[in-house]
Amino acid sequence: MAYNRYVSGRMIASLLFVTTTALTSLCCRGAVAQAAHPQQKMSFHIPAGSLSDALVSFSTQSHVLVTSSAVSLRGHASSGLSGQFTPADALRQILLGSGLSYSSAGNGALQIVPAPKAANITLGPVRVGGSLNAHAAAIGPGVGYVATYTDAGTKTDTPITQIPNSVYVITKQQILDQQAQTVAEVLRYMPGVYAEQMGTASIGSAAGGNANGTGSIMMRGFASTQYVDGLMSWSLAAGETAFVERVEALNGPASVLYGQVGPGGVIATQLKQPGETPIRNVSVGFGNWGRYEATFDVGDKITKSGNLKYRIAGIGVTQGSQTDYLHYKRVGVLPSIKWDIDEKTSLTLIGQYLYAPAEAQGSGYPGVGTLVRGKYGYLPRSRFLGDPSLNESGQRTASFEYQFQHKFNKFLEFQQTFRYEDSSTNINQTYLYGSLGSDQTINRRAWRQNSSNSTVALDSRLVGHLDAGAVKQILVAGMDFRRVNITQDIAYDTNGTASVNIWDPIYYLTYPDFSLNSPDNIRWQNMRQTQYQSGVYFQDQIKWGNLSVLLGGRQDWYNYKGTVTTANNYLASGHGVITEPYVNDRENSSRSKFTWRAGLTYNFDFGLTPYFSYATSFIPQIGAFQYGGQAAKPLNGKQFEVGLKYLVPNTNILLTAAAYDIKENHYQITDTEHPGYEADAGTVTSKGVELSAHANVTKDIRLTASYSFNETRATKSNNQVTLRDMDGTNLGTVSEQGKYIAGLPRNMVNMFVDYTLPRQIFHGLGVNFGIRYIGSTYADNANSYKVPDYLLFDVGAHYDFENASPMLKGLRAQLAISNLANTRYVTSCSSGQAGGTCYYGQAQRIYGNFSYSW
């Protein structure tokens, strides 16, 4: 049976390997692994914390494979260690006081076992190579608020302190403690990330922005790019916290590994998948604005041996919002199966389906009545300035993914990830247009959109592990491919929609007619586009003692073909005159670009790691057009970054500091003069500093905190931008050069801490507290006026009923209140023909739930 499993694993590996033609070959050059001697001292830096985390660190640093199938590590802790130890002494120190020991598991591996009385064990042969436990630490939920490994930063299982750029991780525990309901809410405490620029106008949106520079989640002054399990995604599942295991921010250019990525960075999420530990959890939740939610997450072994495992997560939620007539509804499921075909081969299958018939997307408010007092004071956040008869916004998405891994030997392994994703969106709404009149009304226009995106993506790579004594290397050679089909049909009715009185709106008066035979002004735009992107990349991680060097390069090829068909109906002398539709054919357009990165880190024995890096980025625009039909030019960026990372010895505390300088050419901004189009802002420079702390201070105190400073300006631009006052009055034009980019705060400060009170007194009660400060932003690229800064407070509590009665083990209650003081604030504004459209931030949100694990 074992032989058959081995043969089948080799056959599947060979089959998938053939699909990666043109992959760069990786030569081991006859390198011979040299085993570490049991009495040879090595440098160890293992923080205090859970025993399982400590063993992962030991396995990675000593290159000894450690398993624990015979005993459970749950509830065991380790005091950690730091300094020079033999592997035998290090492992004894880690296990000290746990009642556990170790024995040989064959092939140089070790197995954790109950400690016999008067045990006197000698460390057996060790194996140089990777550890599966390190992979679990790199993609898993993390421990408390600290994750010390990442897969997203290098596409290998690497300690964060050995990566020469900023990588920040939000762990599953922090997501649960915050009771975050979207990934945008998860990112509230992430350094360098401004996640809620559009306020509640995009409450139902997915995690990150599209790759075309128009996303609402900003990183270091640039639109983020969203990746799921290593592949670009527009999936709603990426923004659903019930499906997410961890969220990472790779701040800065990451094109070498991922291709189409802006210089701001990547929001990388890991979807839930089967693990070694059985999972059985259900929850029900409730909150203000009529929120009701139910989730489940169940996973376990299918076969007795555990080589076949499953996991399935699901969610159903409905709620209103702080704005009348805007609702949020969602139902979805995420099933997955993992098959360990043999000891060297695994295959994970992940399916996903999510239907959101309502996404609660608003259209903003005029500046008068939000930023400044209007005739009757300030507009309430509940005010809806659209029309209930024209109020649709929904999305449907489905995907299939597989992850395959095969180790040919201790030197070479093959990894492949594939995803097919299909999504569709429908919108039928109004938007504000023009300035607020003296009669307190503002004009509206109607629009509708039906769009669909289908994506096929494949990433294949070879990973080589070389050990030449003092020098160790991890080499990656890979190729990826992505095809995106985009269909988008948009219609505008520019004068068939009634204006609205912002203080006393009257509804059900909007009946647009999008037909070209309509007496109204109608504009149609239909786009069909197919894009192909392929790339080959390489990376070399070189470790020599305490010095780590990272080198990488990538060649990208990109081409697209598509058509944009437009038709207009213009009024002339009261009669509708229909113009003949015209077609703008976009012939095959191809572009290619080489990007690269280089950096180094030095890990001092006392835990401090200084680093330096340089990286470039390339991102062709997807579906972005300038007024007149010209396709937006590709974005090219480069970044210098220096920093410090400090993993405090004998603790589970990670501190980081980073300073960066980014330049990007052809920066895309929203063309406020022509809604629906982009404008080229020229060269934009972003400079900043980020400080962060992630800490499990004690077993019961967890903390995350950060400070971010960012200054993003147009440093080279020929654009003239319109200067307007709050009423939308044209005050002339000014040069855009030297101006700050709109909607980006210069300063952000945040902190979140969770404390489980002494159990002997409070019997399992815990509390948490968060503070968020967002600095002022400019409302437009002419820097006409500012949006004020704001300060928000979040609080929460949780209680484990097991402390009240053993019969209630697994039952947990949580309560979270964000914006405790119910502060009224504006997240950003945009100025233009709309006379200043502003977005309210989230009012006080109360959410509680009961969860049960067994």
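Placed above this text is the structure.
What you are looking at is a predicted structure, and each value in this text was computed from that prediction instead of being measured.

Conventions adopted
Residues numbered from 1 in each chain as written. Predicted model: local features only at pLDDT ≥ 70, side-chain atom pairs only at ≥ 80, totals over all residues. Heavy atoms only, no water. Phe/Tyr/Trp six-rings, centres within 6.5 Å; stacked < 30°, edge-to-face > 60°. Helix = DSSP H or I, 4+ residues; strand = E, 2+ residues; numbered from the N terminus. Buried < 20%, exposed > 50% of the residue type's maximum accessible area, 1.4 Å probe, protein only. Lys NZ or Arg CZ within 6 Å of the ring centre and 35° of its normal. Lys, Arg positive; Asp, Glu negative; His and termini not counted. Salt bridge = Lys/Arg side-chain N within 4 Å of Asp/Glu carboxyl O. Polar contact = N/O pair within 3.5 Å; in protein donor to acceptor, adjacent residues only side chain to side chain. Pairing = 2+ DSSP bridges.

K.L.:
Explain the packing of aromatic side chains to me, using residue names and the numbers behind them.
P.N.:
Enumeration according to the criterion identifies 21 aromatic pairs in this entry. For the ring pair Tyr-325 and Phe-384, a centre distance of 5.6 Å and an interplane angle of 45 degrees mean the geometry is tilted. Of this pair, Tyr-325 sits in the loop between β20 (308-319) and β21 (328-342) while Phe-384 sits in the loop between β23 (365-366) and β24 (392-407), placing them 59 residues apart in sequence. Judged by relative accessible area, Tyr-325 falls into the partly exposed class, the value being 34%. An angle of 20 degrees between the planes, with centres 5.4 Å apart, marks the rings of Phe-604 and Phe-606 as stacked. The lysine or arginine in question, Lys-645, covers the ring of Tyr-611, its NZ or CZ lying 5.2 Å from the ring centre. A cation over a ring is seen here: Arg-824 above Tyr-378, with NZ or CZ 3.8 Å from the ring centre.

K.L.:
I'd love a proper account of the side chain of Glu-736, names of residues and values included.
P.N.:
Here Glu-736 lies in the loop between β42 (730-735) and β43 (747-756). Within the buried set, Glu-736 has no salt-bridge partner at all; the shortest N-O distance to an opposite charge, 10 Å, is to Lys-739. Within the structure, Glu-736 has its side chain in polar contact with the side chain of Ser-717 (distance 2.9 Å).

K.L.:
Give a detailed account of the pattern of salt bridges, specifying residues and quantitative values.
P.N.:
Summed over all chains, the structure comprises 30 salt bridges. A salt bridge links Arg-772 to Glu-196; its shortest N-O distance comes to 3.9 Å. On the criterion of sequence distance, the pair formed by Arg-772 in strand β44 (residues 765-774) and Glu-196 in the loop between β11 (193-194) and β12 (218-219) is long-range, its members being 576 residues apart. Arg-291 is the partner of Glu-293 in a salt bridge, and the nearest nitrogen-oxygen pair spans 2.5 Å. The class of Glu-293 is buried, set by a relative accessible area of 14%. Relative accessible area serves as the criterion here: at 4%, Arg-291 is assigned to the buried category. Several salt bridges share partner residues, and in doing so they unite Asp-177, Arg-702, Asp-754, Asp-800 and Arg-812 into one network.

K.L.:
Any chance you could break down the sheet that holds strand β16 (residues 244-251) for me, citing the residues and the numbers?
P.N.:
Within the open sheet, the five strands sit side by side as β10-β16-β17-β14-β15. Their pairing is mixed. Strands with a single pairing partner mark the edges of an open sheet, and in this sheet they are β10 (166-170) and β15 (231-232). Two elements, β10 and β16, share five bridges in a ladder whose sense is antiparallel. Bridged to Ser-166 within β16 is Asn-251.

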